[in-house]
Amino acid sequence: MSKENMIKREIQDDIKEIEQVLENSNNTEELKQIHIKVDGKYQSKIKNWGLSCYNWNEKFGFDYELCSDSSLRHNLLNMQRKLEGYLQDFSLVVMPQSKERTVNYYNTNSNNNTNSNTNTIKLDFKIIENTVTNMESLNDEETKEALQELKELEEIYKSTENRKSKWTKCKKILLWLADKSVDVAIAFIPIIKELLEK
């Protein structure tokens, strides 16, 4: 097996491991260990690795003292999506650690074949529902309201309506979202973006 295929297989295994821990684990420590493992493995390979993640600092990386269960779940879902995109492109961009030490990795793939790639992103509403349910910033009534809006988004996502109709329905949810916590916005905005691009 070529080195490139070995790396791709390893990335696929890491994606599956994240998927499994998100679906099956209620143990914060287990989420944290997978988070640390995946972060350590890919932070130097994927540009802007920590962007859109909770408790990440460009100079110091993740602050695990501040990571709650919901932030770990959010970050792992984000990392899973980044790895899926990384696997699609497989263009390794290594970020230099400092001015004195730079690692360069070049991946050249030449062929005469015509390839067609389809990037499929599967939104897992069950994971997002679990994230919303576990948000400490929401009381019971707010959680119920957020879950109701999430259910409405899922129905819009599954519908075969055109983008304009979906946008009209999403406006109401965006207005509702405008006065909610950042945690709620971070959970909902990627869904809205994805369903409008679908």
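Nothing here was measured: the structure is a model prediction, and the numbers come from that model. The written sequence of each chain sets the order in which its residues are numbered from 1. Only residues with pLDDT of at least 70 get local features here, since the model is predicted, and only at 80 or more are side-chain atom pairs given and counted; chain-wide, interface and lining totals rely on the full set of residues. With hydrogens and water excluded, all non-hydrogen atoms of the structure serve as input to the side-chain values.

Caption draft 1: Structural view of helix α5 (residues 140–158). The terminal C-alpha atoms of α5, which comprises 19 residues, lie 27 Å apart, in line with the 27 Å expected from a rise of 1.5 Å per residue. Listed as buried for α5 are T143, A146, E149, L150, L153, I156 and Y157. Considered in projection along α5, the buried side chains sweep an arc of 135 degrees and stay on one side of the axis. Exposed residues lying more than 90 degrees from the buried face of α5 are D140, E141, K144, Q148, K151, E155 and K158. Counting from the N terminus, the helices are DSSP H or I runs at least four residues long and the strands are E runs at least two residues long. In this scheme, a helix's expected span is set at 1.5 Å multiplied by one less than its residue total. Throughout this description, buried means an accessible area under 20% of the type-specific maximum (1.4 Å probe, protein chains only), exposed means over 50%, and partly exposed covers the range between. It is the directions from the helix axis to the C-beta atoms whose arc is reported.

Caption draft 2: Spatial organisation of the packing of helix α1 (residues 3–24) against helix α3 (residues 69–89). Note on method: axes are straight lines fitted to C-alpha atoms, helices fitted across the in-contact stretch only, with angles between N-to-C directions ranging 0 to 180 degrees. It is the contact of α1 with α3, at a shortest axis distance of 10 Å, that shows an interaxial angle of 155 degrees. Taken together, the axes of α1 and α3 are roughly antiparallel relative to one another. In this structure, the crossing between α1 and α3 has a hand that is left-handed. Within the contact between the two elements, α1 uses K8, I11, Q12, D14, I15, I18, E19, V21 and L22 and α3 uses R73, L76, L77, M79, Q80, L83, E84, Y86 and L87. Within the contact of α1 with α3, the residues separate by chemical class into 11 nonpolar, two polar and five charged. Every angle not falling under 35 degrees, over 145, or within 65 to 115 is termed oblique; those three ranges are roughly parallel, roughly antiparallel and roughly perpendicular. For a crossing to be left-handed, the near helix must be turned anticlockwise from the far one by less than a right angle; the clockwise case is right-handed. Contacts: residue pairs with any heavy atoms within 4.5 Å of one another. Note on residue classes: Ala, Val, Leu, Ile, Met, Phe, Trp, Tyr, Cys and Pro are nonpolar, Asp, Glu, Lys and Arg are charged, and everything else, Gly too, is polar.

Caption draft 3: Expanded view of α1. Taking 1.5 Å of rise per residue, 22 residues should cover 32 Å, and α1 covers 31 Å from first to last C-alpha, within 8% of that figure. Those residues of α1 lying buried are I11, D14, I15, I18, V21 and L22. The buried residues of α1 occupy an angular sector of 135 degrees when the element is viewed end-on, so they sit on one face. In the core, the buried residues of α1 are packed alongside α2 (28–42), α3 and α4 (125–133).

Caption draft 4: Region of interest: the pattern of salt bridges. The term salt bridge refers to a side-chain nitrogen of Lys or Arg lying within 4 Å of a carboxyl oxygen of Asp or Glu. Scanning all chains against the criterion turns up 10 salt bridges. One salt bridge in this structure joins D14 and K41, with 2.8 Å as the shortest N-O distance. Residue D14 is located in helix α1, and its partner K41 is located in helix α2; the two are separated by 27 residues in the primary sequence. Note on K41: relative accessible area 22%, which makes it partly exposed. With its nearest N and O atoms 3.1 Å apart, the salt bridge here joins R73 to D69. Remark: D69 and R73 occur in helix α3; sequence separation between them is four residues, near one turn of the helix. Per residue, the accessibility class of R73 equals that of D69, and both read buried. Connected via shared salt-bridge partners are E10, D14, E17, K37 and K41.

Caption draft 5: How the structure looks around the confidence of the model for the chain. Confidence per residue, as judged by the predictor, is encoded in pLDDT with a range of 0 to 100. Residue-level pLDDT values for the chain average 80, and 82% of them are 70 or greater. Note on residues 91–107: pLDDT under 50 across the span, and 23 contacts to partners over four residues away in sequence or across chains.

Caption draft 6: Fine view of the packing of aromatic side chains. Centre distance within 6.5 Å is the pairing criterion for rings of Phe, Tyr and Trp, where only the six-membered ring of Trp is used; planes under 30 degrees apart are then read as stacked, over 60 as edge-to-face, and the remainder as tilted. Applying the stated criterion across every chain yields a total of four aromatic pairs. Seen in terms of ring centroids, Y42 and Y86 are 6.2 Å apart; in terms of plane orientation they differ by 75 degrees. Their pairing is edge-to-face. Taken as a pair, Y42 in helix α2 and Y86 in helix α3 lie far apart in primary sequence, 44 residues in all. Side by side, Y42 and Y86 carry an identical accessibility label, which is buried. With a centroid separation of 5.5 Å and 55 degrees between ring planes, the pair formed by W176 and F188 is classed as tilted. Of this pair, W176 sits in helix α6 (residues 163–177) while F188 sits in helix α7 (residues 182–197), and the two are 12 residues apart along the sequence. Taken as a pair, W176 and F188 share a single burial class, namely buried. Here the aromatic residues Y42, W49 and Y86 are joined through ring pairs into a cluster of three or more.

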